[in-house]
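Architecture and fold: a report
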Amino acid sequence: MEISKPLVLVVLIATVFVFRRFFSSVFGSMTASPETVQKVQGFIKDNKIFVASKTYCPYCQATLKLLFEDKKLSKDQVLLLQLDTIKEGSEIQEALQEITGQRTVPNVFISGKHIGGNSDLQALESSGKLDALLQKALA
Ligand SMILES: N[C@@H](CCC(=O)N[C@@H](CS)C(=O)NCC(=O)O)C(=O)O
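Residues numbered from 1 in each chain as written. Predicted model: local features only at pLDDT ≥ 70, side-chain atom pairs only at ≥ 80, totals over all residues. Heavy atoms only, no water.

**Overview of the packing of aromatic side chains**
Applying the stated criterion across every chain yields a total of 2 aromatic pairs. Plain terms: the ring middles of Phe43 and Phe50 are 5.7 Å apart, the flat faces sit at 55° to each other, and that makes the pair tilted. In this pair, the class of Phe43 matches that of Phe50, namely buried. On the basis of an interplanar angle of 15° and a centroid distance of 5.5 Å, the ring pair of Phe50 and Phe109 is categorised as stacked. Of this pair, Phe50 sits in strand E1 (residues 49–53) while Phe109 sits in strand E3 (residues 107–110), placing them 59 residues apart in sequence. Considered together, Phe50 and Phe109 belong to a single accessibility category, that of buried residues. (Phe/Tyr/Trp six-rings, centres within 6.5 Å; stacked < 30°, edge-to-face > 60°. Buried < 20%, exposed > 50% of the residue type's maximum accessible area, 1.4 Å probe, protein only. Helix = DSSP H or I, 4+ residues; strand = E, 2+ residues; numbered from the N terminus.)

Here you go:
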C-alpha cells in the first residue's frame, strides 16, 4: 500500500505540534520566572523564619507543630506560605527548587539559611541545635 506524501506531512506536523504543547506544558511549568526567583530570595532574606508549606502535607504539619506549638513561635515571627492556597504557589515551589535544589515541602529557612525539610528540622531539634538557631534568628 502506498502512503500518500501529503498525509505523512500532515501527521508529521500534527505530531510536532502535539509534542511541542506536551513539552511546554511539562517543562514550561518547571522553570520559575526571574521575577519569582527574586521574590522568593526576598522572602528568604527578609524574614527571620520562612516556611513554604502545603495545608494537606503531614510533614508540613509536623514542622508547624514543632515551630508554633513546641517552640511557641508566634505567627508574626514566621513567614508561612501555604503554597496550595495561593495562585502563584506552583511557581514559588519551582523557584525554591532552583534556589535550594529542594522541591518538596516543607522547605524551611532560618536567618536566611536553608535548613531543608521536616526531617532536617527535626534532626536539628534532636541534636539540641534548633533552640540556639531560633534564638539567634529572633534576637
Ligand atoms: N523528607 C521530606 C518529605 C517531604 C515530602 O515528601 N513532602 C511532600 C508533600 S507531603 C511533597 O513535597 N511532595 C511534592 C509536592 O507536593 O509537590 C521532609 O522531611 O520534609
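**Some remarks on the environment of Gln41**
Positionally, Gln41 belongs in helix H2 (residues 34–46). As for Gln41 and Ile99, which are separated by 58 residues in sequence, their C-alpha atoms are 7.9 Å apart.

**A closer look at the environment of Gly117**
Tracing the chain through its elements places Gly117 in the loop between strand E4 (113–116) and helix H5 (118–126). Here Gly117 falls in the buried class, since its relative accessible area comes to 9%. Taking the C-alpha atoms as reference points, Gly117 and Thr85, separated by 32 residues in sequence, lie 19 Å from one another. Sequence-distant contacts of Gly117, defined by excluding residues within four places in its chain, comprise Gln102 and Pro106. (Contact = heavy atoms within 4.5 Å.)

**Brief notes about the pattern of salt bridges**
Within the structure shown, the criterion is met by 6 salt bridges. Linking Glu125 and Lys71 is a salt bridge whose minimum nitrogen-to-oxygen distance equals 3.0 Å. One end of the pair, Glu125, is in helix H5; the other, Lys71, is in the loop between helix H3 (58–70) and strand E2 (78–82), and 54 residues separate them in sequence. A single salt-bridge network, built from bridges that share partners, covers Lys71, Glu125 and Asp131. (Salt bridge = Lys/Arg side-chain N within 4 Å of Asp/Glu carboxyl O.)

**What about the packing of H5 against helix H6 (residues 130–138)?**
At a minimum axis distance of 7 Å, the contact between H5 and H6 shows a crossing angle of 105°. Judged by the angle between their axes, H5 and H6 are roughly perpendicular. Mapping the contact onto sequence places Leu121, Leu124 and Glu125 in H5 and Leu130, Asp131 and Leu133 in H6. (Axes fitted to C-alpha atoms, helices over the stretch in contact; angles between N-to-C directions. Parallel < 35°, antiparallel > 145°, perpendicular 65-115°, else oblique.)

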